[in-house]
Amino acid sequence: MTTTTSTTAAPTEAVATASTAATASTADAPALIRFRPTGLDTAPEVNALLERLGFGPFAPDGLTAFGGRNDNWAGTTTRGRQVFVKTVARAPDGSRPEIDRALAFEATAARLPAGSPLRTPEHLGTDRESAVSAFRLLPGSRSGSEVALDGDFDEALCREAGRAVATLHTLGTPGGASDGASGGEAPDPASAPAIDTGEAPLPPMRWLRAFPWSEVQDRSMAQIAAWKLVQDDTEVVAALHRLRERERTAPHTPAHCDLRFDQFLVHDGQLFLCDWEEFRLADPARDVGAFVGEWLFQATYSVFAPTGEPTSAKDAVAPGFDLSHEEIVERGAAGLRHHIPRIAAFWQGYTECRTPDPELAERAVGFAGWHLYDRLIATAQAHAVLNPVARAAAGIGRTLLLNPAGAVATLRLADPAVPHPAVTPAAVVPAAVLPTAVAHPAQPHPADAPSGSPR
């Protein structure tokens, strides 16, 4: 059993995802969404790692957890250290690819200088055999999902996110953060796992043709229906194949490859980026497109919020299914007008720190289209049927996948010096897409046959 440690303030953490059961102390307080953690008696490797690191075990009082697919614990140890600990699943063959990718990120980012736009919570140690990692806890931090739901993920934060992602994409390049200016003791490169060069798993191309029967039992009916939207649409399938081909020939950089709002943390006014289990060399357009897709997903859901845009967690889940065609179009336009300046701020920050290749913006629009399908598949996990909002998101994703070049300027991913067009519903999505997607599946999309999703 080996434990790796690092003293650099740059590497890793996974954390906070928006869900239910907000625990704000007052009606006006921002959402702080926390959960009851798994009992430590079922995960003795957690305290064992903390003991080996010299922190002592977790004190039971105040122990909490964040959302997410992995078990995690956040609290104070008996020796007063505030830590966050998470576990990740092993592969069926017993390997630990997620841990290895996270440790590869640490080695790559170890030379980030002080003041780098890319900030991640300090990695304290990892027990690779048990697939457990410990990080410095950022008390009172809010996930990007919470910040977005509360309306606080403003243009300034989006610009910082762009600078952070661009800095990630320059790691290891001449003039980049890993070229010699050290901000701390670097992990031994000889003992660090190599950066994964394998193709990112999503979208899963073989599932465009058929869904493995062995996976059906683990999927909700809504997920099956969501995946069916993709499989039955020959134009979308062809567009995803084209996107994959463009990705293979694009310049590859270190990339996050699982970028969502809940991978960001806001702590003491600073933005941190977390969760490096999918870190690899990949097309940087994946990360840019994912951030764009997150805002478009928010804009879609704002159609069904009582005021046209969610300003709190409770607003974001309002059904709003009695809206008329005109109200849907009007609210869709309002959501786009509200969120596109945030996309523009992200792109401004990105281009301040990195010069993108000439086709990156267009590929990013394609990945934003896939991201909308990916998010609706993921959020369908707890549902029996796809709701109208999910179908609206699919309609927007379809439009972006089929014509990415047509949305580059509208989404403000063009040269900042070029005047941008006014935002209208038809600029990103034809006006008929929102009501059509809400009223019924886009043709020819029967949603009742067996299918599924890797989510």
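Our subject in this report is the structure included herewith. For clarity, every value in this text was computed on a predicted model and none was experimentally measured. (Residues numbered from 1 in each chain as written. Predicted model: local features only at pLDDT ≥ 70, side-chain atom pairs only at ≥ 80, totals over all residues. Heavy atoms only, no water.)

## Some details on the sheet that holds strand S6 (residues 142–143)
In sheet architecture, strand pairing relies on hydrogen bonds along the backbone and comes in two forms, parallel and antiparallel. Applied cut-off: Here a strand pair is declared whenever DSSP counts at least two bridges between the two strands. Secondary structure elements follow DSSP: runs of H or I of four or more residues count as helices, runs of E of two or more count as strands, with numbering from the N terminus.
With antiparallel pairing, the three strands of this open sheet are ordered in space as S6-S8-S9. Two strands close off the open sheet at either side, each with one partner strand: S6 and strand S9 (270–273). Taken together, the two bridges between S6 and strand S8 (residues 264–267) define a ladder with antiparallel strand orientation. Bridging across to S8, Ser-143 finds its partner in Leu-265.

## Considering the pairing of S8
Put simply, the test is: For every residue, the accessible area obtained with a 1.4 Å probe (protein chains only) is divided by the maximum for its type, and the residue is called buried under 20%, exposed over 50%, and partly exposed between those limits.
Going residue by residue along S8, you find Phe-264 and Val-266 tucked away on one face and Leu-265 and His-267 tucked away on the opposite face as well. Looking at chain direction, S8 and S9 are connected through four bridges and run antiparallel. When the sheet's bridge partners are listed, Phe-264 is paired in S9 with Leu-273. Here S8 folds back onto S9 in antiparallel fashion, the turn holding two residues, of which Asp-268 has a positive phi close to 50°.

## Let's talk about the packing of helix H4 (residues 155–169) against helix H8 (residues 285–302)
Our working rule: In this description, a line fitted to the C-alpha atoms serves as the axis of each element, helices being fitted only across the stretch in contact, and the angle between N-to-C directions of two axes falls anywhere from 0 to 180 degrees. Each angle receives one of four descriptions, namely roughly parallel if under 35 degrees, roughly antiparallel if over 145, roughly perpendicular if within 65 to 115, and oblique otherwise. Each helix crossing is assigned a hand: it is left-handed if the near helix lies turned anticlockwise from the far helix by less than a right angle, otherwise right-handed if that turn is clockwise. The contact criterion used throughout is that any non-hydrogen atoms of two residues lie within 4.5 Å. Residue classes follow a fixed rule: Ala, Val, Leu, Ile, Met, Phe, Trp, Tyr, Cys and Pro count as nonpolar, while Asp, Glu, Lys and Arg count as charged, and any other residue, Gly among them, counts as polar.
In the contact formed by H4 and H8, the axes pass within 10 Å of each other and the chain directions differ by 160°. Classed by the angle they form, the pair H4 and H8 counts as roughly antiparallel. Relative to H8, the crossing made by H4 is right-handed. Listed contacts from H8 to Cys-158, Ala-161, Val-165, Leu-168 and His-169 of H4 are Asp-287, Phe-291 and Trp-295. Of the residues belonging to the contact of H4 with H8, the class tally is six nonpolar, one polar and one charged.

## Concerning helix H11 (residues 360–379)
Put simply, the test is: How far a helix is expected to stretch is found by multiplying one less than its residue total by 1.5 Å.
The end-to-end C-alpha distance of H11 is 28 Å, a good match for the 28 Å that 20 residues give at a rise of 1.5 Å each. Of all 20 residues in H11, 18 are buried, a share of seventy percent or more.

## Some details on the packing of aromatic side chains
Selection criterion: Stacked, tilted and edge-to-face pairs are distinguished by plane angle, under 30 degrees for stacked and over 60 for edge-to-face with tilted covering the rest, among Phe, Tyr and Trp rings (Trp via its six-membered ring) whose centres lie within 6.5 Å.
All chains considered together, the criterion is met by 17 aromatic pairs. Ring centres of Phe-66 and Phe-84 lie 5.5 Å apart, and the angle between their planes is 50°; on these two criteria the pair is classed as tilted. You can see Phe-66 sitting in the loop between helix H1 (44–52) and strand S2 (72–76) and its partner Phe-84 sitting in strand S3 (residues 82–87), a full 18 residues away along the chain. Taken individually, Phe-66 and Phe-84 each receive the classification buried, so the pair is uniform in this respect.

Don't take any of this as a statement about function, it's just geometry.
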